[in-house]
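Understanding the architecture of this molecule
Okay, here's what each chain looks like letter by letter:
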Amino acid sequence: MNAKVFGPLFSRVGILPAVAAQDAAVLAAWADAALDAGVPALELFLRGEGAEAAVTAAITSLRSSHPTLAIGAGSVYDAATAKRMIDAGARFLVSPITDPATGAAATAAGIDWLPGAFTPTEISLAERSGANYVKLFPAAAINAPAFIRATLAPSPTSKIVPTNVGLDEIAALVAAGAAGFGVGPKLLDGADPRSAAAIAARLRAAREAAGHPA
């Protein structure tokens, strides 16, 4: 059985980096930067042409080149895809929606699942479907700090994770009670996506803003 990574990840570093797998140079830079910044996990998006083949190949490659980095699959919509990604070696799954069958596949494999939700009802469904953390998606479409604050008022044990956040957004989300953050290309804010040093600097800054300095 796989060890679950989300609880330890967010308690230690507060962020989960995510990137597409199709560009090998960008992927390598993010993987190197994650380890350099002390972030032990990387989500790979299942988006765009050839994404599933690219993610599958990347999981195999990174398990060899970056063995201490937990690699997960993102943009997982259904249980069939979840099972293929688990078979490929994904250590966790991230979804834009809450699909209970996907949660069941993750639970059966002993790995974490971060499902997406956009309402308190969906957050509750995600939790009842096995999620300990729930992705707020699409966080950019709303006043995310206000949503988190209002949602946690009657449900203070919920662990809400806004994703695709910029560095300047993190402080307000922390104050509202966010349990962690998904970060990706938006975090770079113009930095070179093929520079591991530049990405690591932004990841450290995000950790600092999230209250978990490296």
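This section reports on the structure supplied with the text.

Observations regarding the sheet that holds strand β8 (residues 160-162)
- Spatially, the 3 strands line up as an open sheet ordered β6-β7-β8, and their pairing is parallel. Edge positions in the sheet fall to β6 (116-117) and β8, since each has one partner strand and no second.
- In this structure, strand β7 (residues 134-136) lies alongside β8, joined through 3 bridges in parallel fashion. Looking across to β8, one finds that lysine 135 is bridged to valine 161.
- Here helix α6 (residues 120-128) sits on the sheet in contact with β6, β7 and β8, set at roughly 155 degrees to β7.
- The strands that helix α7 (residues 144-152) touches are β7 and β8; relative to β8, the one it contacts most, it runs at about 175 degrees.

Comments concerning helix α4 (residues 79-88)
- Those residues of α4 lying buried are Ala79, Thr81, Ala82, Met85, Ile86 and Ala88.
- Of the residues flanking the start of α4, the one acting as N-cap is aspartate 78, its side-chain oxygen 3.2 Å from the backbone nitrogen of alanine 80.

Overview of the packing of aromatic side chains
- Taken as a whole and judged by the stated rule, the model has 3 aromatic pairs.
- Relative to tyrosine 133, the ring of phenylalanine 10 has its centre 5.1 Å away and its plane inclined at 50 degrees; by these criteria the two rings are tilted. With phenylalanine 10 in helix α1 (residues 6-12) and tyrosine 133 in the loop between α6 and β7, this pair connects stretches of sequence that are 123 residues apart.
- On the basis of relative accessibility, which here comes to 11%, the residue tyrosine 133 falls in the buried class.
- One aromatic cluster in this structure is built from Phe6, Phe10, Phe92 and Tyr133.
- Of note, arginine 47 hangs over the ring of phenylalanine 45, and the distance from its end group to the ring centre comes to 4.1 Å.
- Here lysine 135 stacks its cationic end above the ring of phenylalanine 137, 4.9 Å away from the centre of that ring.

Re the packing of helix α2 (residues 24-36) against helix α10 (residues 196-209)
- One way to put it is that α2 packs onto α10 with a least axis distance of 8 Å and a crossing angle of 45 degrees. The orientation of α2 relative to α10 falls into the category oblique. The two elements α2 and α10 cross, and the hand of that crossing is right-handed. Across from Ala29, Trp30, Asp32, Ala33, Ala34 and Asp36 in α2, the residues of α10 making contact are Ala196, Ile199, Ala200, Leu203 and Arg204.
- Tallied by class, the residues present in the contact of α2 with α10 amount to 8 nonpolar, no polar and 3 charged.

About the thresholds
- Going along each chain's sequence as written, the residues are numbered from 1 onward.
- For a predicted model such as this one, the threshold for reporting local features is a pLDDT of at least 70, and the threshold for listing and counting side-chain atom pairs is 80 or more; totals across whole chains, interfaces and linings nevertheless cover every residue.
- Note: side-chain values were computed over all heavy atoms of the structure, leaving out hydrogens and water.
- Here, strands pair whenever DSSP counts at least two bridges between them.
- Elements are defined by DSSP. Helices are runs of H or I of four residues or more, strands are runs of E of two residues or more, and each kind is numbered from the N terminus.
- For this analysis, residues touch if any pair of their heavy atoms sits within 4.5 Å.
- Only the stretch in contact is used when a helix axis is fitted, and all axes are lines through C-alpha atoms; the angle between N-to-C directions ranges over 0 to 180 degrees.
- Working definition: with a 1.4 Å probe on protein chains only, accessible area under 20% of the residue-type maximum means buried, over 50% means exposed, and in between means partly exposed.
- In protein, a polar contact requires one atom able to donate a hydrogen and another able to accept it; more generally it is a pair of N or O atoms within 3.5 Å, and residues adjacent in sequence count only if both atoms are side-chain atoms.
- Working definition: rings of Phe, Tyr and Trp (its six-membered ring) pair if their centres are within 6.5 Å, and the pair is stacked with planes under 30 degrees apart, edge-to-face with planes over 60 apart, and tilted otherwise.
- By definition here, charges over rings are those cases where NZ of Lys or CZ of Arg is within 6 Å of the ring centre and within 35 degrees of the ring normal.
- Working definition: roughly parallel below 35 degrees, roughly antiparallel above 145 degrees, roughly perpendicular at 65 to 115 degrees, and oblique for all remaining angles.
- Each crossing is labelled by how the near helix is turned from the far one, with a counterclockwise turn of less than a right angle marking it left-handed and a clockwise turn marking it right-handed.
- In this classification, Asp, Glu, Lys and Arg are treated as charged, Ala, Val, Leu, Ile, Met, Phe, Trp, Tyr, Cys and Pro as nonpolar, and every other residue, Gly included, as polar.

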